[in-house]
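As a plain string of letters, each chain reads:
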Amino acid sequence: MNNMNHLNATQRQYLSEIVEKLSGAMKKIKFTREMSRDEADAIRKELGYVQGELEVFADINPEVKQIELFKKTADFSQNMLETLIGGGHLV
């Protein structure tokens, strides 16, 4: 099964919460203004936590192929943050 229809309500809720955390972390990345080191570190931690949760969820539910999309989105967000940090985008 390649979809999430087989997940029970608790699993769907947990996945929804993970995705909300990912979305929240992504919204905190400042592309148009400089971030403080503390802001960047907090976002980095948040993304790392989300990445870990997604890995665990994927291990438990390997048949849910959409998890790979969320994992790639988290990885991309982490890479964008690192690029901004490395590019002197911090104050």
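It should be noted that the structure appears before, not after, this text.
Residues numbered from 1 in each chain as written. Predicted model: local features only at pLDDT ≥ 70, side-chain atom pairs only at ≥ 80, totals over all residues. Heavy atoms only, no water.

Visitor: Got a sec to walk through helix α1 (residues 9-28)? Specific residues and values, please.
Guide: Between its first and last C-alpha atoms α1 spans 29 Å; for 20 residues at 1.5 Å apiece the expected length is 28 Å, and the two agree. On the buried face of α1, the contacting elements are α2 (37-60) and α3 (66-86). Between the side-chain oxygen of the N-cap and the backbone nitrogen of T10 there are 3.0 Å, and the N-cap of α1 in question is N8. (Helix = DSSP H or I, 4+ residues; strand = E, 2+ residues; numbered from the N terminus. Expected span 1.5 Å × (residues − 1). Contact = heavy atoms within 4.5 Å. Polar contact = N/O pair within 3.5 Å; in protein donor to acceptor, adjacent residues only side chain to side chain.)

Visitor: Describe α2, naming the residues involved and giving the relevant values.
Guide: Here α2 contains 24 residues, and its C-alpha end-to-end distance of 35 Å stays within 8% of the 34 Å for a straight helix at 1.5 Å per residue. Among all positions of α2, only A40, I43, L47, V50, Q51, E53, L54, F57 and A58 are buried. Those residues of α2 that are buried are in contact with α1 and α3. (Buried < 20%, exposed > 50% of the residue type's maximum accessible area, 1.4 Å probe, protein only.)

Visitor: Just give me the short version of the packing of α1 against α2, but keep the residues and values in it.
Guide: As a packed pair, α1 and α2 sit with axes 9 Å apart at the nearest point and diverge in direction by 155°. What the angle tells us is that α1 and α2 run roughly antiparallel. The two elements α1 and α2 cross, and the hand of that crossing is left-handed. Contacts between α1 and α2 pair Q11, Y14, L15, I18, K21, L22, G24, A25 and K28 from the former with I43, E46, L47, Y49, V50, E53, L54 and F57 from the latter. Looking at the contact of α1 with α2 residue by residue, the classes come out as 11 nonpolar, 2 polar and 4 charged. (Axes fitted to C-alpha atoms, helices over the stretch in contact; angles between N-to-C directions. Parallel < 35°, antiparallel > 145°, perpendicular 65-115°, else oblique. Left-handed = near helix turned anticlockwise from the far one by under 90°. Nonpolar A, V, L, I, M, F, W, Y, C, P; charged D, E, K, R; others polar.)

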